[in-house]
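# Summary of structural features
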Amino acid sequence: FGRQLFGLKSGTTLFSKNTPLWYLFPSSCLCSSSLQSPKMSMKRKVLLMGRSGSGKTSMRSIIFANYIARDTMRLGATIDVEHSHVRFLGNLVLNLWDCGGQEAFMENYFSSQKDYIFRNVEVLIYVFDIESRETMQRDIQYYSSCLEAIVQNSKDAKIFCLIHKMDLVPEDQRDTVFKQRETELKQISQNLKIHCFRTSIWDETLYKAWSSIVYSLIPNVKVLESHLLKFCQICEADEVVLFERATFLVISHSTQKLHKDVHRFEKISNIIKQFKLSCSKSQAQFQSMEVRNSHFAAFIEGFTYNTYVMVIMSDPSIESAATMINIGVARTHFEKIIQQNTPGGW
């Protein structure tokens, strides 16, 4: 590619000037037999189901429509099925079906509309309201019917169960309550593989769950991860994290130095998303951020057309300018790979 990554570290370079970028990012990492035409739009059907009042529309509005938690109080109940197409990472389109949870609608989904609702599903998300103990049995019946319909119509679909409104459970009981509910759901699901998350619109757990859901839909994500790893090593960074530009969901990351807070990425997603919304209300546009103290420096920058990158550095001998140069050169590299090898770009 004719470019090198340089960085200043007390008068030295991170890599020799003679080290070409094709060596740092070998061509074997740049292609895959499963890569598709850049003109092809990839639609992924995502079913969002659960009883009325479980919080499905609220979480969708926070993640994809830039609502803040308190504003979801004014949202009404979903009537029948509400369709939305969310463009995510270029030409990856989430065809999101938000299914109303009133009993009359739920019964129709499993009878006259079964083929229509459950055909060609990539992901089923079932939301359980942790408060609804009195209607839990009914919820379990509907969930079991969903599993049966998915097996019949979309046997390869990924299944996610969100145990929602966990903020209403006393903090010291949340782990126990969640594990108990997760165990129950896995027993009901029998041989099907399910992924359970505890969620609340009031904290980072919502971003954790939805980042995992979206991650499961990204094609060739291992290719992306291999390049992030090399970029992290080149920068001598503690961590590099890639966020989707509109939602600020975590797409991928590479970690060279372990950190004790396992929820740090989702916390940052939540904080930066709120800050971006505050900027918008002030007629300003968020572009970049640098946070620094005596222990580390964090750089958040627009990266490719559809992403932001965060680079965490703890080595005080590496100048900020060196990190910014490396981000700039990597931006060109990642954009070129993405344009050549993926449909629409990450």
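Scroll up for the structure.
Residues numbered from 1 in each chain as written. Predicted model: local features only at pLDDT ≥ 70, side-chain atom pairs only at ≥ 80, totals over all residues. Heavy atoms only, no water.

### Remarks on the pattern of salt bridges
What counts here: Basic side-chain nitrogens of Lys or Arg form a salt bridge, by our definition, when they fall within 4 Å of a carboxyl oxygen of Asp or Glu. Runs of E in the DSSP output that reach at least two residues are strands. Runs of H or I that reach at least four are helices, and both are numbered from the N terminus. Summary of the burial criterion: residues with accessible area below 20% of their type's maximum are buried, those above 50% are exposed, and those between are partly exposed, where the area comes from a 1.4 Å probe applied to protein chains only.
As enumerated under the stated definition, the model contains 13 salt bridges in all. With a closest N to O distance of 2.7 Å, Glu82 and Arg60 form a salt bridge. Here Arg60 lies in helix α2 (residues 56-64) and Glu82 lies in strand β4 (residues 81-88), a separation of 22 residues in the sequence. Judged by its relative accessible area of 35%, Glu82 is partly exposed. Taking the relative accessible area as the measure of exposure, Arg60 reaches 11% and is therefore buried. In this structure, the salt-bridge partner of Glu107 is Arg138, at a minimum N-O distance of 2.9 Å. Of this pair, Glu107 sits in helix α3 (residues 103-109) while Arg138 sits in helix α5 (residues 136-153); the two residues are 31 residues apart in sequence, bridging distant segments of the chain.

### Some words on the pairing of strand β11 (residues 288-292)
Remark: a regular strand shows side chains that alternate across the two faces of the sheet. Here is the rule we go by: At least two bridges found by DSSP between two strands are what make those strands a pair.
Sheet topology note: the β11/strand β12 (residues 297-302) ladder contains 5 bridges and is antiparallel. When the sheet's bridge partners are listed, Arg292 is paired in β12 with Ala297.

### Re helix α7 (residues 205-215)
Along an α-helix, residues three or four positions apart point the same way, because every turn accommodates 3.6 residues. Where burial is concerned, most of α7 is hidden: 8 out of the 11 residues are buried. The set of residues buried in α7 consists of Thr205, Leu206, Tyr207, Ala209, Trp210, Ser211, Ile213 and Val214.

### Examining the state of the cysteines
By definition, a disulfide links two cysteine residues through a covalent bond between their sulfur atoms. The line we're drawing: For the purposes of this analysis, a disulfide is any pair of cysteine sulfur atoms at a distance within 2.5 Å.
Under the counting rule described, the total for this entry stands at 0 disulfides. Cys146 provides the cysteine sulfur closest to Cys99, a residue in no disulfide bond, and the two sulfurs are 8.0 Å apart. Using a relative accessible area of 0% as the deciding quantity, one classes Cys99 as buried. Among the cysteines around Cys196, which has no disulfide bond, Cys161 carries the closest sulfur, lying 4.6 Å off.

These values are about where atoms sit, not about what they do.
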